[in-house]
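# Chain and residue survey
Okay, here's what each chain looks like letter by letter:
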Amino acid sequence: IFSAIDMTDGYEGKGSYPGKPVQGLRAVAVLGPLYFTFFVKNDNPARTVAETKGQKLPTEFPAGLVVYRAIKGLIAAEGYTINDYIPQPVANLAQAATAFKEGRVDLGALPVGAGTNRELDAETRGGIRHVPVTNTPAALARMQKEVEVAYFSTISPSPAYVGIRAPTTVMTFDIYLATYKDAKPELVEKIAAVLRDNKDDLVAAFA
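No experiment lies behind these values; they were computed from the predicted model shown.

So, on to the overall build of the chain. On a plain count of helices and strands, the chain comes out with seven helices and eight strands. Its C-alpha radius of gyration of 18 Å places the chain within 12% of the 17 Å reference for a compact globule of 207 residues. Based on the C-alpha atoms only, the size of the chain along its principal axes is roughly 55 × 40 × 35 Å. Scored against the burial criterion, the 207 residues of the chain give a buried share of 41%. When contacts within the chain are restricted to residue pairs at least 6 apart in sequence, long-range pairs at least 24 apart make up 68% of them. Accessible surface, the chain: about 11000 Å² in total, of which carbon and sulfur atoms supply 54%. Side chains of the chain give 22 positive and 22 negative charges; the mean places of these two sets differ by 3 Å.

The structure is reproduced here in structure tokens:
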């Protein structure tokens, strides 16, 4: 299971896989969208991604390069780069969550709906709040220059989306189920049919 960012970078040998295309990579299905934007403590004065400039941001993510690519795409929409923030290197999403909880970063960088967000919301005085990104053609062009497979979505408050307190525009990219070119066609067909025929049950199990 890969993000569209990893699928594209891996297939074409760019981004996180420079000069190293993954041979035989094949897509089976788009499983759904992944929503991404920063979250902050509710008493943080920033109401939008544009207003987060100059704050402490988790960076580098050597064990999760796709996260760093998403962060750079998100801030590019506002015309920013990492140099417009105070970088705080972390290894992965777990370290980024710990850094947010301990106050070493101001901005949370986990996907909307991640289970850890619910924990951080409960442990943070006043809870957490996701901030919207600017949605204009120019912002989209800047974001897609950094992450070409990204697009904008507007999502509404839901029990599944802790920290979404109002309709919020977010960066979005798809999640793929992948295989390789020599996989047995009957296996791929069976898996695709299971996904198609049991969507309601899958959503109920993992909203």
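That was the structure; now back to the text.
To continue, consider the layout of surface pockets. Taken as a whole, the largest pocket holds about 1300 Å³ of empty space. Surrounding the largest pocket, 36 residues form its lining, Leu31, Gly32, Pro33, Ile175 and Phe206 being those nearest its centre. For the lining of the largest pocket, the secondary-structure elements that each account for two or more residues are β2 (25-36), α2 (65-77), α4 (115-123), β8 (168-180), α6 (185-197) and α7 (199-205). Ranked by residues supplied to the lining of the largest pocket, first place goes to β2 with nine residues.

Side-chain positions along a regular strand alternate between the two faces of the sheet. In this structure, strand β1 (residues 2-3) lies alongside β8, joined through two bridges in antiparallel fashion. Paired with Ser3 across the bridge in β8 is Ile175. Relative to β8, β2 runs antiparallel, the two being bridged by ten bridges. From the neighbouring strand, Gly32 faces β8, where its bridge partner is Ile175. Note: strand β7 (residues 151-155) against β8, five bridges, orientation antiparallel. Note that in β8 the partner of Ser153 across the bridge is Val170.

Let's shift gears to the pairing of strand β4 (residues 56-60). Here five bridges tie β4 to strand β5 (residues 86-90), and the two strands are oriented parallel to one another. The residue of β5 that forms the bridge with Thr59 is Pro89. Note that the unit made of β4, α2 and β5 has a crossover that is right-handed.

Right, let's talk about the pattern of salt bridges for a bit. Considering all chains together, one arrives at seven salt bridges under this definition. With a shortest N-O distance of 3.0 Å, Arg69 and Asp9 are connected by a salt bridge. Pair noted here: Arg69 is in helix α2 and Asp9 is in helix α1 (residues 4-12), with a separation of 60 residues, a long-range link. Judged by its relative accessible area of 1%, Asp9 is buried.

A word on the environment of Ala205. Following the sequence through the fold, Ala205 ends up in helix α7. According to the relative accessible area criterion, Ala205 is exposed, its value standing at 66%. Sequence separation of Ala205 and Leu140 is 65 residues, and the distance between their C-alpha atoms is 33 Å.

For an α-helix, 3.6 residues make a turn, and residues three or four places apart therefore share a direction. Every buried residue of helix α3 (residues 93-101) is accounted for by Ala96, Ala97, Ala99 and Phe100. Summarising the axial view, the buried residues of α3 lie within an arc of 160°, below the 170-degree limit, and thus occupy one face. Looking at the buried positions of α3, the neighbouring elements they touch are β3 (39-41), β4, β5, α4 and β6 (128-130). With a side-chain oxygen positioned 3.2 Å from the backbone nitrogen of Ala94, the residue opening α3 is Asn92. Gly103, located one to two residues past α3, shows a positive phi value of around 80°.

Let's shift gears to the nonpolar core. Within the largest apolar cluster, 40 residues are counted, with the highest numbers of intra-cluster contacts made by Phe36, Phe38, Ile71 and Met171. With seven residues, α2 is the largest single contributor of residues to this core. Setting aside residues no more than four positions away along its own chain, Ile71 makes contact with Phe36, Phe38, Leu57, Pro58, Phe61, Ile82 and Ala109. Formed by five residues, the second largest nonpolar core is a distinct cluster that contains Tyr35, Val112, Ile155 and Val170.

How each quantity is defined
Residues numbered from 1 in each chain as written. Predicted model: local features only at pLDDT ≥ 70, side-chain atom pairs only at ≥ 80, totals over all residues. Heavy atoms only, no water. Helix = DSSP H or I, 4+ residues; strand = E, 2+ residues; numbered from the N terminus. Rg over C-alpha atoms; globule rule 2.2 N^0.38 Å. Buried < 20%, exposed > 50% of the residue type's maximum accessible area, 1.4 Å probe, protein only. Contact = heavy atoms within 4.5 Å. Areas by Shrake-Rupley, 256 points an atom, 1.4 Å probe, with all protein chains shown as cover. Lys, Arg positive; Asp, Glu negative; His and termini not counted. Charge placed at Lys NZ, Arg CZ, Asp CG, Glu CD. 1 Å grid on protein atoms, 1.4 Å probe; cavity = no way out; pocket = protein on both sides within 12 Å on 5 of 7 lines; lining within 4 Å. Points joined across faces, edges and corners; volume = space filled by probe spheres on them. Pairing = 2+ DSSP bridges. Right-handed = clockwise from strand over helix to strand, strands pointing away. Salt bridge = Lys/Arg side-chain N within 4 Å of Asp/Glu carboxyl O. Arc of directions from axis to C-beta. Polar contact = N/O pair within 3.5 Å; in protein donor to acceptor, adjacent residues only side chain to side chain. Core = buried A, V, L, I, M, F, W, Y, C linked by side-chain atoms within 4.5 Å.

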